[in-house]
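# Summary of the model geometry
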Amino acid sequence: MMKIFLSLLALVGSVNASTKIVLVELGVGGTVRRTSSRSSLSTVEGVNSFIQTMHGGRKLQHAGMPVVPDLFHKADGGVILGLSGQGVDIAEMPSVAALLEEEKDGVVGHLETNGQHCHSLVSRANSVSEISGDISQAVEKAAQKQYLTGVKMNVNDSDAAAVADKQVDAMIRDMQKKAKDEGKTYVLYLVIEEDASISRRRLAEDENNENQEGKIYYFSKSTGQNNENGGDNEAYESNQYAEMFVGYYGYGYYNSYGEWVTPYKSMFQIQYFNVVLWTAIGLVLILIWVISMMMYMPLEPDTLLFGESAKMIGED
């Protein structure tokens, strides 16, 4: 009974947790390409399919992912670096937080899975080593191998998180330079797994953030300003959501699921709707016309079949 209770408790705790993956190209680059998909949310199998495809695996990559391997350029090596433990807090790790938010310093994409899956992702590598010391030395050693390797580090407290954050930043800068000098490309998969309690705390803070929930934003494309609930607000450029929803006219709001809801349609949506609608109507009308022509098609009695049958009757 106690085991069942602990399992349910762990399951409830992992609901609010998430595992984030940062894709970093070290060196020359050009091995990862972006797709038209904007959603970074995936599954463990989806992330693993991408990693295996990147490094010569025969597994097909799952559809709908924001990144795909380049067809002509292959990485010289790959390292999965996993950071997990009670001390992992993105708010206390500025360098890691910057990698998660911006695509710079070799960052070419982001992936995310619901739940705590750091161990599941790192364990898919051909060889895995657990470290407690210098990250730079361990990753550099692992990258020299010709196959996919994994490095896992357990962060126990905030002090260890601060040290790991500095080491990750120094490691990326150092390996960028060395890989470029060697003319090679290594792909680093930085896996960040926050503790469930920290994830729940951040979720509660986001729900209480009045700039992201329960507010109605008005965007004006002509003036380049946005107003909140009809009043004056900060400049359009400083609003993080203005650029994302610049194609929508009028007002909108965020529902309880964090989704943007607006009754107005963008110009692209209007054009797409009309193209699909009138194309469908045209095809239906052509189909009706073709069927009617076939129904009333005149059948002449003097056909080849009729002539042969009449000939056979006359011979009898």
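Criteria and cut-off values
Residues numbered from 1 in each chain as written. Predicted model: local features only at pLDDT ≥ 70, side-chain atom pairs only at ≥ 80, totals over all residues. Heavy atoms only, no water. Helix = DSSP H or I, 4+ residues; strand = E, 2+ residues; numbered from the N terminus. Buried < 20%, exposed > 50% of the residue type's maximum accessible area, 1.4 Å probe, protein only. Contact = heavy atoms within 4.5 Å. Arc of directions from axis to C-beta. Core = buried A, V, L, I, M, F, W, Y, C linked by side-chain atoms within 4.5 Å. pLDDT = per-residue confidence, 0-100. Phe/Tyr/Trp six-rings, centres within 6.5 Å; stacked < 30°, edge-to-face > 60°. Pairing = 2+ DSSP bridges. Axes fitted to C-alpha atoms, helices over the stretch in contact; angles between N-to-C directions.

## Notes on the overall build of the protein
Within the protein, the regular secondary structure consists of nine helices and 13 strands. Sorting the 316 residues of the protein into buried and exposed places 35% on the buried side. In the protein, the share of contacts with a sequence separation of at least 24, taken over all contacts with a separation of at least 6, comes to 69%.

## Here we look at helix α5 (residues 135–143)
Taken residue by residue, α5 has Ile135, Ser136, Ala138, Val139, Ala142 and Ala143 as its buried positions. Seen from one end, α5 has its buried residues packed into an arc of 165 degrees, which puts them on one side. Exposed side of α5, more than 90 degrees from the buried face: Gln137 and Lys141 are the residues found there. For α5, the elements touching its buried residues are β5 (77–84), β7 (127–131), β8 (149–154), α6 (158–182) and β9 (185–193).

## Section: the nonpolar core
Note that soluble globular proteins tend to have their nonpolar side chains buried in a common cluster. Residues Leu81, Ile135 and Leu188 are the most contacted members of the largest nonpolar core, which totals 34 residues. At the level of secondary structure, the elements contributing two or more residues to this core comprise β1 (18–27), β5, α3 (94–101), α5, β8, α6 and β9. Tallying contributions element by element places α6 first for this core, with seven residues. Ignoring any residue separated from it by four or fewer positions in sequence, one finds leucine 81 in contact with Ile135, Val139, Val151, Val168, Met171, Leu188, Tyr189, Leu190 and Val191. The next biggest cluster of nonpolar side chains, apart from the first, holds 22 residues, and it includes Val47, Met65, Val108 and Leu148.

## Points about the confidence of the model for the protein
Mean pLDDT over the protein works out to 77, with 68% of the residues at or above the 70 mark. Throughout residues 8–15 the model reports pLDDT below 50, and contacts reaching past four residues in sequence, or to other chains, amount to three contacts. Between residues 216–250, whose pLDDT stays under 50, and residues either more than four places distant or in other chains, the model counts 75 contacts.

## Description of the packing of aromatic side chains
Two measures describe an aromatic ring pair: the distance that separates the ring centres and the angle between the ring planes. Following the criterion strictly, the structure yields two aromatic pairs and no others. With a centroid separation of 6.5 Å and an interplanar angle of 80 degrees, the aromatic rings of phenylalanine 50 and tyrosine 189 are classed as edge-to-face. On the criterion of sequence distance, the pair formed by phenylalanine 50 in helix α2 (residues 44–54) and tyrosine 189 in strand β9 is long-range, its members being 139 residues apart. Like phenylalanine 50, the residue tyrosine 189 is buried in the burial classification. Ring centres of phenylalanine 268 and tyrosine 272 lie 6.0 Å apart, and the angle between their planes is 25 degrees; on these two criteria the pair is classed as stacked. On the criterion of helical spacing, the pair formed by phenylalanine 268 and tyrosine 272 is a turn pair, its members being four residues apart in helix α8 (residues 267–295).

## Quick word on the sheet that holds β7
Across the sheet, seven strands lie side by side as β3-β6-β1-β9-β5-β8-β7; this open sheet has mixed pairing. Each having just a single partner strand, β3 (41–42) and β7 make up the two edges of the open sheet. Sheet topology note: the β5/β9 ladder contains seven bridges and is parallel. Its bridge partner being in β9, glycine 82 is matched across the sheet by valine 191. Sheet contacts for α5: β5, β7, β8 and β9; angle to β5, the most-contacted strand, approximately 150 degrees.

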